[in-house]
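Read off the chains here:
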Amino acid sequence: VRVALFITCFNDTLFPETGRATVEVLERLGVEVDFPLAQTCCGQMHFNTGYQREAIPLVRRFVDVFGGYDAVVAPSGSCVSMVRELYPMAADLTGDRRLAERVDELGPKVFELSEFLVKKLGVTDVGAYYPHRVTYHPTCHSLRMLKVGDAPLELLRNVGGMDLVGLEEPEECCGFGGTFAVKNADTSAAMLSDKIRRVLDTEAEVCTAGDNSCLMHIGGGLNRLRAGVGTVHLAQILASEMGEG
Amino acid sequence: VKTNFSDAFSPGPTPTFEMSARESLSDSQLRRNLGKATQTIRRKRAVAVEEMPDWEGLREAGRALKERVLRHLDTYLLQLEESVTRAGGKVHWARDAAEANRIIAQIARDHGSEEVVKVKSIATDETKLNEYLEREGIHAFETDLAELIIQLAGETSSHILVPAIHKNRAEIQELFKEKLGAKDLSDEPSDLTEAARLYLREKFLGAKVGISGANFAVAETGTVCVVESEGNGRMCTTLPPVLVTLMGIEKVIPSWRDFEVFMQLLPRSSTAERMNPYTSFWTGVSGDVGDGPQEFHLVLMDNGRTDVLADEIGRQALNCIRCSACLNVCPVYERTGGHAYNSVYPGPIGAILTPQLVGIGNPGPDSLPYASSLCGACYQVCPVKINIPQVLVHLRGKVVRHKQDEGGPRQKFDPENIAMQTVARVFSDPDLYERAQRFALVGQWPFVRGGSIGRLPGRLAGWTSVRDLKPVPEQTFRGWWKQNRGTG
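Residues numbered from 1 in each chain as written. Chains lettered and ligands numbered in written order. Predicted model: local features only at pLDDT ≥ 70, side-chain atom pairs only at ≥ 80, totals over all residues. Heavy atoms only, no water.

Here we look at the packing of helix α4 (residues 52-66) of chain A against helix α6 (residues 97-106) of chain A
Residues and elements named next belong to chain A.
Okay, step 1: Contact geometry for α4 and α6: axes closest at 10 Å, N-to-C directions at 55 degrees. It follows that α4 is oblique to α6 by the angle criterion. Judged by the sense of rotation from one axis to the other, the crossing of α4 with α6 is left-handed. Across from Val59, Arg60, Phe62, Val63, Asp64 and Phe66 in α4, the residues of α6 making contact are Leu99, Arg102, Val103 and Leu106.
Okay, step 2: Split into classes, the residues belonging to the contact of α4 with α6 amount to 7 nonpolar, no polar and 3 charged. (Axes fitted to C-alpha atoms, helices over the stretch in contact; angles between N-to-C directions. Helix = DSSP H or I, 4+ residues; strand = E, 2+ residues; numbered from the N terminus. Parallel < 35°, antiparallel > 145°, perpendicular 65-115°, else oblique. Left-handed = near helix turned anticlockwise from the far one by under 90°. Contact = heavy atoms within 4.5 Å. Nonpolar A, V, L, I, M, F, W, Y, C, P; charged D, E, K, R; others polar.)

Now the structure itself:
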């Protein structure tokens, strides 16, 4: 199997360790990983904030860069949902029929990491070992747009040495929402405070998720409070092996 | 708590959502009341829906029916007019709120009525009917318990279905003691409702004109339907000799059979009940036999709805059957309450309906599509499958395009607009993008302290008000890839 890694601009710049872990997990399972260097950003921030004309060139770029691959994998449910669920709407805005066709063709080939592993490769045990107490936050876009379901949890349940604890009201949004966290900072903070309370209630050392954007939000709040609880992307837990730190 | 009645549907500007939310978010009593109420109803709804084997099929049927209505709205409305007229009612057409109010006031005046009784109706809140009637010397008594509470308190509704959701029992007890003169009132729900009942019975018997909204109206038969929980609505629609119903034009449904779908979807979604307690249907006038009005007027109001209909993506907002499930699951609504939306339509549905009904280009309503983290919980529960997140994103696009194309220099040189344009250019060129990554690494140094960023300037300060930011690491992913794997 050969896939293109869609790293997302966010992970590329801020969380390179998540990208490295994604490559490691995929290669461990025998997947050949390609990284097209011409990729930049899917345009989600622009599109969802209303700067939709500005997002169109990014949509075209994405389709040009990834159009030739049979499968595209990204360690971000949110960016994948942009491509799969909102690109058709973006293409409609241009009135460009050819773009709309290419978007429809590409969409079903773009996968979030956990759904690619569980639903495409049929793997739930990636041979990971992570001796920590961990709670999992199912991010909104993975859950409700991509409908990845329990795929991340299935993977986590098979991680050796890990104490996986359930989160109360897991499906409630953490309050990130892209520019929402800045534009409606107060409401976002109110949502975050409840999510943090629930994370702390689990007494976990680490909160994980399939999206670094949500984790940056939850982790940013935890760090500000010096709560002593970390955030780690799902890919990094799956990449951890016995004998590592 | 909001005590003046001006909102998005009144003349003049309203505050933005983020400004109003700031105030509500600090109100601990409000947070407690709302949190408890929405979490309870949310759980009950989930149970009521879970027991339906064909819920997804029903949702799909509801959506399809509503879309058919919108596709042939002109036909169904004319058919409705014909059916109502045949049954002895009179149909009035109102282009906007002002016209609707004039028509209703004229009917009340024609009957020399200085007092009217009202069934809970959001359409009349949209037109600000009560205030209009008051100016015309006619007092409107709200008879829905929660609407009565709101009216006595001089406040506005904060929820589509439970207008007084922001108030608890003790607050209502105090209010009734003061306004209804019930000195020894306890805070037991049965005592509170008894006090309201004694007060309202008198009004029902005395009023010559009753005013209602409508949940549905059947084109085929001319039957109007009101769905409520208390029976006070039925008093209004049966006791006064004259009944006036104000209805948004999108509320028409094709045939009587369609109730099969909506009467299953609505109660379970709104109050988590299998069946609704009081569902009133009436067709025209009662004639000489039985209870019911001798004169019936149906006012069909546009007030911006045909503009919504013209928008291919936005028009699904007109599918709404006002169940309020989206409010109850919304993490934003749960924390800010309805008043922050400055509209008679709060919550997720209000965030897509209000700006469309009043038109883009007003700072208050324009802020509403941004009052969402796009978590999608609303879409998941909507009984007629309105893709609220999609419409929110679509409307954000309209708001930004309006600012860019028709805004003044202040909007064109808005820092956000400039930043977004710049970033978009950076992302459209991999070389520029890589240079920007290196620039971020160097540029962040004044803000990094002890391995994290605790304070950012300008609008980004919203982030660092309660969150730290992780600094940009030394090596990007693409840097690592190039170093270890060569080129792509």
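Back to the write-up after that little detour.
Here's the deal with the pairing of strand β4 (residues 209-212) of chain B
Both faces of the sheet carry side chains from a regular strand, because those side chains alternate between them.
All names here are of chain B.
Okay, step 1: Of the two faces of β4, both are covered, the one formed by Val209 and Ile211 as well as the one formed by Gly210 and Ser212.
Okay, step 2: Note: strand β2 (residues 115-118) against β4, 3 bridges, orientation parallel. Bridging from a neighbouring strand, valine 116 pairs with valine 209 of β4.
Okay, step 3: Here 4 bridges tie β4 to strand β7 (residues 242-248), and the two strands are oriented parallel to one another. Bridge assignment links isoleucine 211 to a residue of β7, and that residue is valine 244. (Buried < 20%, exposed > 50% of the residue type's maximum accessible area, 1.4 Å probe, protein only. Pairing = 2+ DSSP bridges.)

Looking at the nonpolar core
Okay, step 1: B:Phe176 and B:Phe216 are the most contacted members of the largest nonpolar core, which has 140 residues in total.
Okay, step 2: Among the elements that take part in this core, helix α5 (residues 77-94) of chain A stands out by supplying 9 residues, more than any other.
Okay, step 3: Those residues in contact with B:Phe216 that lie beyond four places of it in its chain are B:Thr223, B:Val224, B:Cys225, B:Val227, B:Lys251, B:Ile253, B:Phe259, B:Phe262, B:Met263, B:Leu266 and B:Ile321.
Okay, step 4: Counting 39 residues, the second largest nonpolar core, distinct from the first, contains A:Val3, A:Val33, A:Leu155 and B:Trp480. (Core = buried A, V, L, I, M, F, W, Y, C linked by side-chain atoms within 4.5 Å.)

Considering the sheet that holds strand β8 (residues 252-253) of chain B
Strand-to-strand pairing in sheets goes through backbone hydrogen bonds, with the strands running parallel or antiparallel.
Residue and element names in this part refer to chain B.
Okay, step 1: On the basis of which strands lie adjacent, the open sheet formed by 4 strands has the order β8-β5-β6-β9 and mixed pairing. With partners counted over all chains shown, the strands left at the sheet margins are β8 and β9 (278-283), one partner each.
Okay, step 2: Looking at chain direction, strand β5 (residues 216-218) and strand β6 (residues 223-228) are connected through 2 bridges and run antiparallel. Along β6, the bridge assignment pairs phenylalanine 216 with cysteine 225.
Okay, step 3: The strands that helix α12 (residues 259-270) touches are β5, β6, β8 and β9; relative to β5, the one it contacts most, it runs at about 170 degrees.

Quick word on the pairing of strand β8 (residues 230-233) of chain A
Residue and element names in this part refer to chain A.
Okay, step 1: Bridge count for strand β7 (residues 206-209) against β8 is 4 bridges, and the pairing is parallel. For threonine 208, the partnering residue across the bridge sits in β8 and is valine 232.
Okay, step 2: Once you follow β7 into helix α12 (residues 212-224) and on to β8, the crossover reads as right-handed. (Right-handed = clockwise from strand over helix to strand, strands pointing away.)

A closer look at unusual backbone geometry
Negative phi characterises most residues that are not glycine, and trans characterises most peptide bonds.
All names here are of chain B.
Okay, step 1: One non-glycine residue, lysine 128, adopts positive backbone phi at about 60 degrees.
Okay, step 2: Looking at lysine 128, the relative accessible area reads 11%, which means it is buried.
Okay, step 3: Of note, asparagine 342 is a non-glycine position whose phi angle comes to about 50 degrees, a positive value.
Okay, step 4: For asparagine 342, the location among the structural elements is in the loop between α15 (331-336) and α16 (347-358).
Okay, step 5: Overall, the relative accessible area of 5% leaves asparagine 342 in the buried class.

Considering the packing of aromatic side chains
Residue and element names in this part refer to chain B.
Okay, step 1: Applying the stated criterion to the full structure yields 23 aromatic pairs over all chains.
Okay, step 2: Relative to tyrosine 345, the ring of phenylalanine 9 lies with its centre 5.9 Å away and its plane at 75 degrees, an arrangement referred to as edge-to-face. Placement of the pair is phenylalanine 9 in the segment before α1 (17-25) and tyrosine 345 in the loop between α15 and α16, with a sequence separation of 336 residues. No difference in accessibility class separates phenylalanine 9 from tyrosine 345, as the two residues are buried.
Okay, step 3: Taken together, a centroid distance of 6.2 Å and an interplanar angle of 40 degrees make the contact between phenylalanine 477 and tryptophan 481 tilted. Taken together, the residues phenylalanine 477 and tryptophan 481, both in helix α24 (residues 477-485) and 4 residues apart, mark about one turn of the helix. Take phenylalanine 477 and tryptophan 481: they sit in the same class, and that class is buried. (Phe/Tyr/Trp six-rings, centres within 6.5 Å; stacked < 30°, edge-to-face > 60°.)

Observations regarding a negative patch on the surface
Okay, step 1: On the surface, A:Asp92, A:Asp104, A:Glu105 and B:Glu312 cluster together to form a negatively charged patch.
Okay, step 2: Assignment of secondary structure puts A:Glu105 in helix α6. (Patch = residues over 30% accessible without salt bridge, like charges linked within 9 Å, V, L, I, M, F, W, Y side chains within 5 Å. Areas by Shrake-Rupley, 256 points an atom, 1.4 Å probe, with all protein chains shown as cover. Salt bridge = Lys/Arg side-chain N within 4 Å of Asp/Glu carboxyl O. Lys, Arg positive; Asp, Glu negative; His and termini not counted. Charge placed at Lys NZ, Arg CZ, Asp CG, Glu CD.)

Overview of helix α9 (residues 169-179) of chain B
Residues and elements named next belong to chain B.
Okay, step 1: Taken as a whole, α9 has its buried residues at Ile172, Gln173, Leu175 and Phe176. In a view along the axis of α9, the buried residues occupy a sector of 165 degrees, so they form one face of it.
Okay, step 2: On the buried face of α9, the contacting elements are α8 (145-153) and α10 (189-206).
Okay, step 3: Positive phi shows up at glycine 181, right after α9, with a value of about 65 degrees. (Arc of directions from axis to C-beta.)

Focus on the pattern of salt bridges
Okay, step 1: Using the criterion set out here, one finds 44 salt bridges over all chains in the structure.
Okay, step 2: The partner of B:Glu250 in a salt bridge is B:Arg322, and the shortest N-O contact between them spans 3.2 Å. Here the residue B:Glu250 occupies a position in the loop between β7 and β8, and B:Arg322 occupies one in the loop between α13 (305-309) and α14 (325-329), the gap between them amounting to 72 residues. For the residue pair B:Glu250 and B:Arg322, the accessibility class agrees, reading buried in each case.
Okay, step 3: A salt bridge links B:Arg257 to B:Glu260, with the nearest nitrogen and oxygen atoms 3.2 Å apart.
Okay, step 4: A residue is classified by how much of its surface remains accessible, and B:Glu260, at 47% relative accessible area, is partly exposed.
Okay, step 5: Members of the salt-bridge network, linked through shared partners, are A:Glu172, A:Asp194, A:Arg197, A:Arg198, B:Arg42, B:Glu334 and B:Arg335.

Some thoughts on the side chain of B:Ser286
Residue and element names in this part refer to chain B.
Okay, step 1: Inspection of the secondary structure assignment puts serine 286 in the loop between β9 and β10 (295-301).
Okay, step 2: Within polar-contact distance, the side chain of serine 286 engages the side chain of glutamine 294 at 3.3 Å.
Okay, step 3: The residues contacting serine 286, other than those within four sequence positions of it, are Asp291, Gly292, Pro293 and Gln294. (Polar contact = N/O pair within 3.5 Å; in protein donor to acceptor, adjacent residues only side chain to side chain.)

A closer look at the packing of α9(B) against α10(B)
Between two packed helices, the angle of one axis relative to the other and the distance separating the axes together describe the packing.
Residues and elements named next belong to chain B.
Okay, step 1: Between α9 and α10, the least distance of the axes is 11 Å, while the angle of their chain directions is 35 degrees. Here the hand of the crossing between α9 and α10 comes out left-handed. Between α9 and α10, the contacting residues are Arg169, Ile172, Gln173 and Phe176 on the first element and Pro189, Leu192, Ala195 and Ala196 on the second.

Remarks on the interface of chain A and chain B
Okay, step 1: Chain A puts 65 residues into the contact, and the matching count from chain B is 71 residues.
Okay, step 2: Contact between chain A and chain B buries roughly 5900 Å² in total, counting both sides, with carbon and sulfur atoms accounting for 58%.
Okay, step 3: Interface area lost by chain A to chain B is led by A:Leu37, A:Tyr51 and A:Arg224, which between them contribute 12%.
Okay, step 4: Where chain A meets chain B, there are 11 salt bridges.
Okay, step 5: A salt bridge links B:Arg478 to A:Asp12, with the shortest nitrogen-to-oxygen separation between them at 2.8 Å.
Okay, step 6: Counting every contact that joins chain A to chain B gives 42 residue pairs in polar contact (both at pLDDT 80 or more).
Okay, step 7: With 9 residues, the top contributor of residues to the side of chain A that touches chain B is helix α11 (residues 185-201) of chain A.
Okay, step 8: Across the side of chain A that touches chain B, the residue classes tally to 30 nonpolar, 19 polar and 16 charged. (Buried area = accessible area lost by both parts, 1.4 Å probe.)

From the geometry alone we can't say anything about function, so treat these as descriptive.
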